Amino acid sequence: MKFAPDLDRKTAIEPTFPSLGFFVNPYKGKDDEQGIRKLATWTGLGLYTGSFVGLSDVLCRTQPATYTGSAARIASIAVPAALMGAAFGTTTLVAASVRGKSDPYNHMLGGCAAGAVLGARMKSVKMGTGMCLGLGAVAFVTRGLEMEGNLQFIPKGYEDGLIAGPGLWNWDRSFDPFRKEPNRNIDK
């Protein structure tokens, strides 16, 4: 049984983003195509990530006494994360439009802008510089690997889906040393 029988190998290993109407795969196509949609996607990914981190912080670390305090804490993390996504998307789009190229340097500049937003939020030049270098490097490498076709979100060997692939998701996998092997000659 295949996980996705109607997809060919190229489609199965392509990074997939959930279909949310207006949002698009930000790595598909040139950097300056579908600018508003890619900007909305990066901002939405930042908001989603910030909301998750904020909720984790509220549940595990700060544990405010009121719902208002919880909402304020989540917003204090989610809004800067959304602004980081917006800065990344805007800078990448503007750099691609001005330079006329679609290469990893645009994403490096976007990562640097996102790091600068975090540094401004934390009121720290050291934090902004460090995050500019760190996020810029990660964005540069990610875009470079994606352009070469080496960035895969599905590991090799799982192109047909997790059910057909080897390992933990396979139906006959067991860690019981006394388990007998299943009869593989069912058709005979």
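Structure shown above.
This section reports on the structure supplied with the text. (Residues numbered from 1 in each chain as written. Predicted model: local features only at pLDDT ≥ 70, side-chain atom pairs only at ≥ 80, totals over all residues. Heavy atoms only, no water.)

Here's the deal with the packing of aromatic side chains
Argument step 1. If you walk through the whole model with that rule in mind, you get two aromatic pairs.
Argument step 2. With a centroid separation of 4.7 Å and an interplanar angle of 65 degrees, the aromatic rings of Trp 42 and Phe 88 are classed as edge-to-face. Of this pair, Trp 42 sits in helix H2 (residues 35–62) while Phe 88 sits in helix H3 (residues 67–99), and the two are 46 residues apart along the sequence. Each member of the pair, Trp 42 together with Phe 88, is buried.
Argument step 3. Arranged with centres 5.2 Å apart and planes meeting at 55 degrees, the rings of Tyr 105 and Phe 140 form a pair that is tilted. Here the residue Tyr 105 occupies a position in helix H4 (residues 104–122), and Phe 140 occupies one in helix H5 (residues 125–148), the gap between them amounting to 35 residues. (Phe/Tyr/Trp six-rings, centres within 6.5 Å; stacked < 30°, edge-to-face > 60°. Helix = DSSP H or I, 4+ residues; strand = E, 2+ residues; numbered from the N terminus. Buried < 20%, exposed > 50% of the residue type's maximum accessible area, 1.4 Å probe, protein only.)

Remarks on the packing of H4 against H5
Argument step 1. Two elements in contact, H4 and H5, have axes whose closest approach is 7 Å; the angle formed by their N-to-C orientations is 150 degrees. Classified by the interaxial angle, the pair formed by H4 and H5 is roughly antiparallel. In the packing of H4 onto H5, the handedness of the crossing is right-handed. Residue-level inspection shows Pro 104, Tyr 105, His 107, Met 108, Gly 111, Cys 112, Ala 114, Gly 115, Ala 116, Leu 118, Gly 119 and Met 122 of H4 in contact with H5, the latter providing Met 127, Gly 128, Met 131, Cys 132, Leu 135, Gly 136, Ala 139, Phe 140, Arg 143, Gly 144 and Met 147.
Argument step 2. Each residue belonging to the contact of H4 with H5 can be placed in one class, and the counts come to 15 nonpolar, seven polar and one charged. (Axes fitted to C-alpha atoms, helices over the stretch in contact; angles between N-to-C directions. Parallel < 35°, antiparallel > 145°, perpendicular 65-115°, else oblique. Left-handed = near helix turned anticlockwise from the far one by under 90°. Contact = heavy atoms within 4.5 Å. Nonpolar A, V, L, I, M, F, W, Y, C, P; charged D, E, K, R; others polar.)

Observations regarding the pattern of salt bridges
Argument step 1. Throughout the structure, instances matching the rule amount to five salt bridges.
Argument step 2. Taking the shortest distance from any N to any O, the salt bridge between Arg 143 and Asp 31 comes out at 3.1 Å. You can see Arg 143 sitting in helix H5 and its partner Asp 31 sitting in the loop between helix H1 (9–12) and H2, a full 112 residues away along the chain. The burial state of Arg 143 is the same as that of Asp 31; both residues are buried.
Argument step 3. Between Asp 103 and Arg 99 there is a salt bridge, with the nearest N and O atoms lying 2.7 Å from each other. (Salt bridge = Lys/Arg side-chain N within 4 Å of Asp/Glu carboxyl O.)

Quick look at the state of the cysteines
Each disulfide is one covalent bond, formed between the sulfur atoms of two cysteines.
Argument step 1. Counted by the stated rule, this structure contains one disulfide.
Argument step 2. Each disulfide pairs two cysteine sulfurs, and for Cys 112 the partner residue is Cys 132, the sulfurs being separated by 1.7 Å. Every disulfide takes its handedness from the sign of the S-S torsion; for Cys 112 and Cys 132 that torsion is -70 degrees, giving left-handed. With Cys 112 in helix H4 and Cys 132 in helix H5, this residue pair connects regions lying 20 residues apart in the sequence. (Disulfide = S-S within 2.5 Å.)

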